[in-house]
Amino acid sequence: EVDATLTFRRSCREGICGSCAMNINGKNGLACLLYIEPAVAAIEVQPLPHSYVVKDLVPDLTNFYNQYKSIEPWLKRKDAKAAGDTEYFQSKEDRAKL
């Protein structure tokens with residue numbers, strides 16, 4: 001049963017993106033990975049304690065995305081793409097190096 005007035009973020013449902021991070025029953029974690037036993041007791045859900053809140057359980061991720069962009073966590077080529085090329089093709093040998 002979901003409260004339609006509650007705003008929360010979800011995305012991958014596999015614990016990869018971290019967009020569903022929140023404080024559940026006093027512990028920080030990912031809501032998509034946390035199994036909660038059916039019980040009579042109420043479940044306490046709060047936004048993460050160290051983040052600014054946009055609305056309800058949605059934290060402001062501006063700082064996170066700025067830090068993520070600053071470390072540039074993607075592969076970079078040493079040589080530039082030739083003029084007219086639209087894609088980089090990967091050979092089996094290149095793939096084996098990864």
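Going by the structure above, here's the rest.
Everything quoted here is computed from the prediction, not taken from an experiment.

Details of the pairing of strand β2 (residues 27-30)
Two elements, strand β1 (residues 21-24) and β2, share four bridges in a ladder whose sense is antiparallel. Opposite Asn 23, over in β2, you have Asn 28 as the bridge partner. Counting the residues that bridge the hairpin from β1 to β2 gives two residues, and of these Asn 25 lies at a positive phi of roughly 50°.

Comments concerning the packing of aromatic side chains
A full pass over the atoms with the stated rule returns two aromatic pairs. Seen from their ring centres, Phe 64 and Tyr 65 are 5.2 Å apart, and the 65° between their planes marks the pair as edge-to-face. The partly exposed category is assigned to Phe 64, whose relative accessible area is 42%. Ring centres 5.9 Å apart and planes at 25° place the aromatic pair Phe 64 and Tyr 68 in the stacked group. Taken together, the residues Phe 64 and Tyr 68, both in helix α1 (residues 62-71) and four residues apart, mark about one turn of the helix. On the accessibility criterion, Tyr 68 (43% relative accessible area) is partly exposed. Feature note: the residues Phe 64, Tyr 65 and Tyr 68 constitute an aromatic cluster, connected by ring pairs.

Calculation rules
Residues numbered from 1 in each chain as written. Predicted model: local features only at pLDDT ≥ 70, side-chain atom pairs only at ≥ 80, totals over all residues. Heavy atoms only, no water. Pairing = 2+ DSSP bridges. Helix = DSSP H or I, 4+ residues; strand = E, 2+ residues; numbered from the N terminus. Phe/Tyr/Trp six-rings, centres within 6.5 Å; stacked < 30°, edge-to-face > 60°. Buried < 20%, exposed > 50% of the residue type's maximum accessible area, 1.4 Å probe, protein only.

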